[in-house]
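Tertiary structure, described
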Amino acid sequence: RKRRSGSRYVRIFPVSRTAMVEPAFANAGQKEGLELWRVEKMKVVQRPQEEIGKFYEGDSYILLSTKELKTGKRTWHIHFWLGNESSQDEMGVAAKKTVELDDQLGGAPVQHREVQGAESELFMSYFKQSQICYLPGGIESGFHHVEPEKIRRLLLVKGKRTVRVREVPMANSELNTGDVFILDLGRKLFLWNGPKSNVHEKKKGLDTMMHIRDNERHGEAEYTILDTEPDCPEFWEALGGKINVTKEGEPDEKFEQRSSAETKLFCLTELDKPLPPAQDGKLTKADLDENKMMLVDAGNAIFVWTGAKAPAELRKTWHSVADGYLKKSGKPNTTPVKCVTHGTEPEIFKDLFSVWTVPRKMTFGPAESKGVARSPVKRQGSADVDMGSLIAQKEAADKPVDDGSGKLTVWRVEGEKGKWDKKEVPADTVGQFYGGDSYIIFYEYTRPGTKKTEYIIYFWQGHQSSTDEKAASAFLTAQLDQEYNDAPVQVRVVQGKEPAHFRTLFKGRMVVHHGGRHSGFRNSQEEDTYDTDGIALFHIKGTDEVNTCALQVPEKAASLNSGDCFVLATPDKVFCWRGTHANDAENKVASTVATSLAKTYLGKGDRTVVPVDEGKESEEFWTALGGKGEYAKVAPGQLVAQAPRLFDCSDCTGDNQIFEVFHFDQADLKDGDCYILDTFTEVYVWTGNQADAEIRKFAREVAERFIAESTDGRDPHCPVVMTTAGREPPMFTQHFPSWDDEFHNSNAFKDPYQVRLAELEKEKAARDAKLAEKEKDKVVVKDAPAAPAAPAVQVGSGETFSLEVLQKTPAAELGIPPTQKEQFLSDADFQEAFKMDKAAYAGLPAWKQKREKERLKIF
């Protein structure tokens, strides 16, 4: 383009943005996965895929993680990794090139500064399978390596919800009763569990110790767990002598909250002036200025936030400014530094602010509610609950897309040896599901008010369906979706959480049976599990014809209750039992289900439907249930329970939260929480065995306030009934769609530390048995013949062989010592194969020599 300037013309050439792109970043971030670059001679050089996960201590790297979402959109995280021995120049190049890569990808990535040994959890998550390998030296540095024999360090394992590992001084005074410690002496590892340490710390400690043994020491380290050897002399001597540990460690909650309580906010250009929070001394999203770049000091991490309108020149220097802040504030160089962009902030950043979204009172909201932002200091008590909102909260309407009159096709997911397919369900059994199976439901309909054809694919997953069956249902659903050019809407449905439209499709004929087909995988020990005696009891429960369905329950008298209907199928008859306080919808659906089961149950028809009112049961009815027995009854004149409501009381976020659980069933009861079940006539407080004392107290107090402040006409002296997991009375269990007495035992909390410890003991026993078997196979013969003659060719004789000959020919045929094959390579071949000369090789520890020979297949 030409522009006139005085009497001259100035020619202006547009410069393409891509023309300024670092050549090594060509096509970066265009496909899902990891890409790695290393700083070499002040330039970035891409490394092959097989090197990802291997980092030289003397170098700096850039790692790009690309993830493709189902929408086709990509997300990126850029990590610049700094080795402990990397030069300042290399670190600067890595930081500068990270900004260039960020620019190339439109400023969308999140940038992270990673320091060797203190990498972020996100960075470490990329290497869950392969693990990170630190290599000595670097592109322009010498070999610096600490032999295992010289390693001496004490590691602290601490935390309740987020467990971290950090090094502490090697002294017995560091031990405390509340945490876990690992003593690393190179060739020997020791695990010491404080008597008050939590199960998560114990599990993390055990996993960390085994990771050190298997990866850093290549399996060449012994380990001792002081639970079994509390007086281990080597452990105590290394720490300065045995002591009686009585010191209590810092509370885990305080340890985790300390950094967030000390969070400070700065403008990047004024790091000597912390900005005062605008609201009650706590940071909120409103404190961030989109015209600036800001630094958030979270104590144990630093975040640099880039506003949408921040000057471009600042974005190129943030890393050096952040480094300067680390030095000025006295923080260690290993402190994580992350750069985040306005609009793409990760959750870990948002959690530093007491209010990120619009503030709201703590209410009994829908299950997906997050509750109020948690306080870093004081947990909320029952007095903080907005009881008016609690009582008034109602479930959002679940409006079906149509009346369910469209075309319906149902398949069951079946497979053998992992080859999955869908098998169509016969028309007369559509609506009948098995809890041990997964299904695909294809629905075709015309949108109301238009002539446009729409599709919905539901994939329904039973509670007892195997993991591989659930995965196959999702995969087959995706395949079916592609057959219709991605036009259908896909909906995952979990047993007991069916949306209104899903149940509408079956017109009151939805029945969920026990059992199902085995998974079909080679390693599966499962078998088909169906009812074989011809007797089954189904609980009919709901409030209208849409949400009412039949669920199979144990065939015994205790399963009955006066408030609902039940259908009892026998080989010759189907009894339709109506509780005295069952509603009209339940009566109607019970009749429909009874008629359907009479014709189809277990593939046999011609059963007679027999209506039975509560209190007028025949002997034949009770015999089919195993005899007459007690069940939850409502006496004449007694108040009738209303539709129950379930509320979850949890402290999983570090603060007491409470929210309502809609469409609940037994699987919603988590062993670490407490629940309030309101039935109008009683209020139950259910306590999980892993719930702590504070959340138990909180739940009980909320239940009492709920009754005292209710305005629905209930008796103000309505009882609060306390019950615990595994000991629920019938008057509690009757309010759940189905109840399995064994469910709690099969899903009970298992101590992860004990589980992992048992696995290690099993592995050790297997190794010992294998060694014993080898010893047993050895045959000792008296007057055995003399040992074979020494090899004809000795080391140092001057004779050599090629690597290929040594790999393929037994030592006996070559006449050389079988354990010294490598010594018969020529000096040149040895250097090429081992990447070192024979003198350097001789200086390696025996285990490293063994590893090298195994790699070259001459061991």
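Residues numbered from 1 in each chain as written. Predicted model: local features only at pLDDT ≥ 70, side-chain atom pairs only at ≥ 80, totals over all residues. Heavy atoms only, no water.

1. Notes on the overall build of the chain
- Across its full length, the chain carries 22 helices and 35 strands.
- Across the 859 residues in the chain, those meeting the buried criterion constitute 45%.
- Restricting the contact set of the chain to residue pairs at least 6 apart, pairs at least 24 apart contribute 64%. (Helix = DSSP H or I, 4+ residues; strand = E, 2+ residues; numbered from the N terminus. Buried < 20%, exposed > 50% of the residue type's maximum accessible area, 1.4 Å probe, protein only. Contact = heavy atoms within 4.5 Å.)

2. Describing the pattern of salt bridges
- Throughout the structure, instances matching the rule amount to 27 salt bridges.
- The residue Asp297 makes a salt bridge to Lys331 at a minimum N-O spacing of 3.4 Å. Taken as a pair, Asp297 in strand β16 (residues 293-297) and Lys331 in the loop between α7 (318-329) and β18 (337-341) lie far apart in primary sequence, 34 residues in all.
- Note that Lys573 and Glu620 form a salt bridge whose closest N and O atoms lie 2.9 Å from each other. With Lys573 in strand β29 (residues 573-578) and Glu620 in helix α13 (residues 619-624), this residue pair connects regions lying 47 residues apart in the sequence.
- Classification of Lys573 by relative accessible area gives partly exposed; the value is 28%.
- Via salt bridges that share partners, Arg38, Glu40, Arg47, Glu51 and Asp59 belong to a single interconnected network. (Salt bridge = Lys/Arg side-chain N within 4 Å of Asp/Glu carboxyl O.)

3. Concerning helix α1 (residues 88-104)
- The terminal C-alpha atoms of α1, which comprises 17 residues, lie 25 Å apart, in line with the 24 Å expected from a rise of 1.5 Å per residue.
- The set of residues buried in α1 consists of Glu90, Met91, Val93, Ala94, Ala95, Lys97, Thr98, Val99, Leu101 and Asp102.
- In the stretch just after α1, Gly106 is the one whose phi turns positive, near 80°. (Expected span 1.5 Å × (residues − 1).)

4. Points about the confidence of the model for the chain
- Chain-level pLDDT for the chain is 77 on average; 77% of the residues reach the 70-or-more range.
- Scored below 50 in pLDDT, residues 1-19 makes 15 contacts in the model with residues more than four places away or belonging to other chains.
- The low-confidence segment residues 518-530 (pLDDT under 50) makes 33 contacts with residues lying over four places distant or belonging to another chain. (pLDDT = per-residue confidence, 0-100.)

5. Looking at the sheet that holds strand β30 (residues 608-613)
- The sheet built from 7 strands is open, its strands ordered β21-β25-β27-β26-β28-β29-β30 with mixed pairing. If you trace the sheet from one side to the other, it starts and ends with β21 (432-434) and β30, each paired once. Taking the axes of each pair of neighbouring strands and ignoring which way they run, one obtains an average angle of 25° across the sheet.
- For β21 and strand β25 (residues 511-513), the ladder comprises 3 bridges, and the chain directions are parallel. Of the residues in β25, the one forming a bridge with Phe433 is Val512. (Pairing = 2+ DSSP bridges. Axes fitted to C-alpha atoms, helices over the stretch in contact; angles between N-to-C directions.)

6. Observations concerning the sheet that holds strand β8 (residues 110-115)
- Taken together, 9 strands build an open sheet; the order of strands is β4-β3-β6-β7-β8-β18-β17-β16-β15 and the sheet is mixed. The open sheet is flanked by β4 (43-46) and β15 (264-267), the only strands paired with a single partner. With direction set aside, neighbouring strand axes in the sheet form an average angle of 20°.
- Here strand β3 (residues 33-40) runs beside β4; their pairing, made up of 4 bridges, is antiparallel. Its bridge partner being in β4, Val39 is matched across the sheet by Val44.
- Where α1 meets the sheet, it contacts β3, β4, β6 (60-68), β7 (74-82) and β8, and its direction lies at approximately 25° from that of β6.

7. With respect to the side chain of Asp678
- Along the polypeptide, Asp678 turns up in strand β33 (residues 674-678).
- Polar contacts involving the side chain of Asp678 include one to the main-chain amide nitrogen of Phe680, which spans 3.1 Å.
- Not counting chain neighbours up to four residues away, the residues in contact with Asp678 comprise Ala643, Pro644, Arg645, Val683, Phe706 and Arg714. (Polar contact = N/O pair within 3.5 Å; in protein donor to acceptor, adjacent residues only side chain to side chain.)

8. Comments concerning unusual backbone geometry
- Phi at Asn27 takes a positive value of approximately 65°, unusual for a residue other than glycine.
- Examined against the element boundaries, Asn27 turns out to sit in the loop between β2 (8-11) and β3.
- Judged by its relative accessible area of 65%, Asn27 falls in the exposed class.

9. Some points on the packing of aromatic side chains
- Under the counting rule described, the total for this entry stands at 35 aromatic pairs.
- These aromatic residues form a ring-pair network of at least three members: Phe433, Tyr439, Tyr458, Trp460, Phe502 and Phe506.
- Directly above the ring of Trp236 sits Lys242, whose terminal nitrogen or CZ lies 5.3 Å from the centroid.
- Looking at Lys422, its charged tip hangs above the ring of Trp411, at a distance of 5.4 Å from the centre. (Phe/Tyr/Trp six-rings, centres within 6.5 Å; stacked < 30°, edge-to-face > 60°. Lys NZ or Arg CZ within 6 Å of the ring centre and 35° of its normal.)

10. Observations concerning the pairing of strand β22 (residues 438-446)
- Counting buried positions along β22 yields 7 of 9 residues, so the element is predominantly enclosed.
- As paired strands, β22 and strand β23 (residues 453-461) are joined by 9 bridges and run antiparallel to one another. Of the residues in β23, the one forming a bridge with Ser438 is Gln461.
- With antiparallel pairing between neighbouring strands as the criterion, β22 and β23 make up a hairpin whose turn holds 6 residues, including Gly449 at a positive phi of roughly 85°.

11. Side note on the nonpolar core
- Trp37, Ile62, Leu64, Leu101, Leu295 and Trp318 are the most contacted members of the largest nonpolar core, which has 34 residues in total.
- Contributing elements (two or more residues each) for this core: β3, β6, β7, α1, β16, β17 (302-306), α7 and β18.
- Ranked by the residues each element gives to this core, the list is headed by α1, at 6 residues.
- Dropping the residues within four chain positions of it, Trp318 is found in contact with Phe80, Val99, Gln111, Leu268, Met293, Val304, Val337 and Cys339.
- Counting 19 residues, the second largest nonpolar core, distinct from the first, contains Tyr434, Trp460, Phe502 and Phe506. (Core = buried A, V, L, I, M, F, W, Y, C linked by side-chain atoms within 4.5 Å.)

12. Brief notes about the environment of Gly713
- By the secondary structure assignment, Gly713 is in the loop between α14 (693-709) and β35 (720-724).
- With 33 residues separating them along the chain, Gly713 and Phe680 place their C-alpha atoms 9.2 Å apart.

13. Quick notes on the environment of Pro169
- Topologically, Pro169 is positioned in the loop between β11 (164-168) and β12 (180-184).
- Under the relative-accessibility criterion, Pro169 is labelled exposed at 51%.
- Between the C-alpha atom of Pro169 and that of Leu155, which follows or precedes it by 14 residues, the distance is 8.5 Å.

14. Considerations on α7
- Here α7 spans 16 Å end to end across 12 residues, near enough to the 16 Å set by a 1.5 Å rise per residue.
- Residues of α7 that are buried include every one of Trp318, His319, Ala322, Tyr325 and Leu326, and no others. In a view along the axis of α7, the buried residues occupy a sector of 120°, so they form one face of it. In this structure, α7 carries Lys327 and Lys328 as exposed residues pointing more than 90 degrees from its buried face. (Arc of directions from axis to C-beta.)

15. Side note on the environment of Ala811
- Relative to the helices and strands, Ala811 is located in helix α19 (residues 811-814).
- Residue contacts for Ala811: discarding those within four places in its chain leaves Ile816, Pro817, Pro818 and Lys821.

16. Structural notes on the pairing of β7
- With 9 bridges connecting them, β6 and β7 associate as antiparallel partners. Residue pairing for β7: Ser60 is matched across the bridge by Leu82.
- Of the strand pairs in this sheet, β7 and β8 are connected by 6 bridges, and their pairing is parallel. The residue of β8 that forms the bridge with Leu82 is Val115.

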